[in-house]
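Fold and contact review
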Amino acid sequence: MTHPANRMIARVLRTTYLSMLVIALHTILASAQSSAEPPKTAEQAFKNIQTLKGIPANQFIPTMQFISASLGVECEFCHVEGAFDKDDKKTKQTARKMMEMVFSINKGSFDGHRDVTCYSCHHGNSHPVSIPVIPTTAEAAALSATPKKEVHSEEPGNNSSAVVDPILEKYIAAIGGPAALQKVSSRVLKGSVDLAGKEFPIDIYAQQPDKRVSIMHLQNGDSVTAYNGTVGWLSAPGRPTQWMSAAEADGARLDADLYLPSRLKQIFSELRALPTEKIDGHDMNVLQGIREGKPPLILYFDQESGLLVRMVRYVDTALGLNPTEIDYADYRDSGGVKIPYRWTVARPRGRFTIQAEQVQQNVPIDDQKFVAPAPQPSDRH
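Computed from a prediction, not measured in an experiment: that's the story for all the values here.

Calculation rules
Residues numbered from 1 in each chain as written. Predicted model: local features only at pLDDT ≥ 70, side-chain atom pairs only at ≥ 80, totals over all residues. Heavy atoms only, no water. Helix = DSSP H or I, 4+ residues; strand = E, 2+ residues; numbered from the N terminus. Buried < 20%, exposed > 50% of the residue type's maximum accessible area, 1.4 Å probe, protein only. Contact = heavy atoms within 4.5 Å. Polar contact = N/O pair within 3.5 Å; in protein donor to acceptor, adjacent residues only side chain to side chain. Core = buried A, V, L, I, M, F, W, Y, C linked by side-chain atoms within 4.5 Å. Expected span 1.5 Å × (residues − 1). Pairing = 2+ DSSP bridges. pLDDT = per-residue confidence, 0-100. Arc of directions from axis to C-beta. Phe/Tyr/Trp six-rings, centres within 6.5 Å; stacked < 30°, edge-to-face > 60°. Lys NZ or Arg CZ within 6 Å of the ring centre and 35° of its normal. Disulfide = S-S within 2.5 Å. Salt bridge = Lys/Arg side-chain N within 4 Å of Asp/Glu carboxyl O.

A look at the environment of Ser305
Secondary-structure assignment places Ser305 in the loop between strand E9 (297–302) and strand E10 (308–316). Given the relative accessible area of 32%, Ser305 is considered partly exposed. Note: C-alpha distance between Ser305 and Ala174 (131 residues apart in sequence) is 6.9 Å. Sequence-distant contacts of Ser305, defined by excluding residues within four places in its chain, comprise Lys170 and Ala174. Side-chain polar atoms of Ser305 contact the backbone nitrogen of Leu307, separated by 3.2 Å.

Focus: the nonpolar core
With 45 residues, the main nonpolar core has Val193, Leu264, Phe301 and Trp343 as its most contacted residues. Broken down by element, this core gets its largest block of residues, five residues, from strand E12 (residues 337–347). In this view, Trp343 contacts Leu189, Ile204, Arg212, Ile326, Asp327, Tyr328, Phe352, Thr353 and Ile354; residues no more than four positions away in its chain are not counted. One finds Ala42, Leu52, Ile55 and Met64 within the second-largest nonpolar core, a separate group that totals 18 residues.

Let's talk about helix H3 (residues 60–71)
In an α-helix, one full turn covers 3.6 residues, which means residues spaced three or four apart are oriented alike. An ideal rise of 1.5 Å per residue puts 16 Å on twelve residues; H3 measures up with 17 Å between its terminal C-alpha atoms. The buried count for H3 comes to twelve of twelve residues, which makes it a mostly enclosed element. A positive phi of about 65° marks Gly72, the residue just after H3.

Focus on the pairing of strand E13 (residues 350–361)
Strand direction decides the pairing type here: strand E1 (residues 186–195) and E13, joined by nine bridges, are antiparallel. Counterpart to Asp194 in the pairing with E13 is Thr353. Here E12 pairs with E13 via six bridges, running antiparallel. The residue bridging Arg347 from the neighbouring strand is Gly350, located in E13. In sequence, E12 turns back onto E13 through a hairpin of two residues.

Examining the confidence of the model for the chain
Taken as a whole, the chain shows an average pLDDT of 83; of its residues, 81% reach a score of 70 or greater. The low-confidence segment residues 13–36, where pLDDT is below 50, has 83 contacts with residues more than four positions distant or belonging to other chains. The low-confidence segment residues 377–381, where pLDDT is below 50, has 18 contacts with residues more than four positions distant or belonging to other chains.

What about the environment of Gly72?
The topology assignment puts Gly72 in the loop between H3 and helix H4 (90–109). The class of Gly72 is partly exposed, set by a relative accessible area of 30%. Spatially, the C-alpha atoms of Gly72 and Asn125 are 5.4 Å apart, while their sequence positions differ by 53 residues. Those residues in contact with Gly72, other than ones at most four positions away along the chain, are Gly124 and Arg349.

Focus on helix H10 (residues 260–267)
If you check which residues of H10 are buried, you get Leu260, Pro261, Leu264 and Ile267. Across the axial projection of H10, the buried residues extend over an arc of 95°, all falling on one side. Buried residues in H10 make contact with helix H7 (161–174), helix H8 (178–182), helix H9 (246–256), strand E7 (270–279), E9 and E10.

Details of the pairing of E1
Counting buried residues along E1, eight of its ten residues qualify, which places the element largely inside the surrounding structure. Looking at chain direction, E1 and strand E2 (residues 198–207) are connected through ten bridges and run antiparallel. Counterpart to Arg187 in the pairing with E2 is Ala206.

A look at the packing of aromatic side chains
The geometry of an aromatic ring pair comes down to the distance between the two centres and the angle between the two planes. On inspection of all chains with the given rule, the structure shows three aromatic pairs. Sitting over the ring of Tyr300, Arg310 keeps its end group 5.9 Å from the ring centre. In this structure, Lys369 packs its charged tip against the face of Tyr205, placed 4.4 Å from the ring centre.

Things to note about the state of the cysteines
Put plainly, a disulfide is one covalent bond tying together the sulfur atoms of two cysteines. One pass over the full model with this rule turns up zero disulfides. Of all cysteine sulfurs, the one in Cys118 lies closest to Cys121, which takes part in no disulfide; the gap is 9.1 Å.

A closer look at the pattern of salt bridges
Per the stated rule, a full pass over the model turns up 15 salt bridges. The residue Asp250 makes a salt bridge to Arg291 at a minimum N-O spacing of 2.8 Å. You can see Asp250 sitting in helix H9 and its partner Arg291 sitting in the loop between strand E8 (282–290) and E9, a full 41 residues away along the chain. Arg332 serves as the salt-bridge partner of Asp330, at 2.9 Å between the closest nitrogen and oxygen.

Brief notes about the side chain of Asp250
Here Asp250 falls in the buried class, since its relative accessible area comes to 12%. Those residues in contact with Asp250 that lie beyond four places of it in its chain are Arg291 and Lys294.

Written as structure tokens, this is what we have:
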């Protein structure tokens, strides 16, 4: 029988940034990542797909993650463990009907815009709440102080360079300036990761322009998250390689970019200044990054220090946006550049914190660390 603590760690791993949703579905063909072949659809890569036919295969797992987060459930709520293609559970049949209902509502009432999602009714509960809940005094105060914010790419904001540029310039100056940033060609971090109250060693290797691999040393083997500038992948002990979807790889590319602070205006076609907010009592300048065909990205800069405190980004799925929030802290000088020694990655169903203990800049990194693994038979449908 699996120890409760191990089950908790597995749950966090399923829901952390770029982590594997540990389900017994066949992994998308590695060859589908190659530009030599047309992208596969969900029904071509997975068994018994009925409602989500036609969506890209690499969007299927993130869509399942969105359902899991919206309903606050694990895979086995709808699926038979070890036989995910079976239709034995009534909840799976209901889920299909609910997805069809959501598609119909958006098509018929919102001109095809995805305004209604699973989360619109469920709010993290397996069953929709039909009666308004009266919050406690503390909850009511929190809600009135920090109202929930919807994400829209057309969200109004000030895109004037006179407003945006000073925020970016202060950020770059705070971390050491553009010249110091450009001198960094590689970075190696060693530290620990806190997963559900348990700590494990972690090593992170980053090399310009956009390569990064993190190796978490678990009790039963290494868990790897990697992006080599072309493709991204994840591996866990006893599991087949999970190839990143295009949206997941896009997030990994941002994490791997050692020159990201100075390249924000190149990466985003538009940067907008949004109304200021507070994080832990500190005033924040907020910028929204816009890119055509992709969800927006939100950046929070401390008004006093100028440093980046939070990034919120989204993975687009067939049913809605999966959010990832990254908080940066414990900035220290490392070779003339200030970098966060601690960051916390949070998603709707879990979070983890990495604390760096040793950082080295401009050290040689073996290129083999960034070589993607060869497809295994278990990767194939």
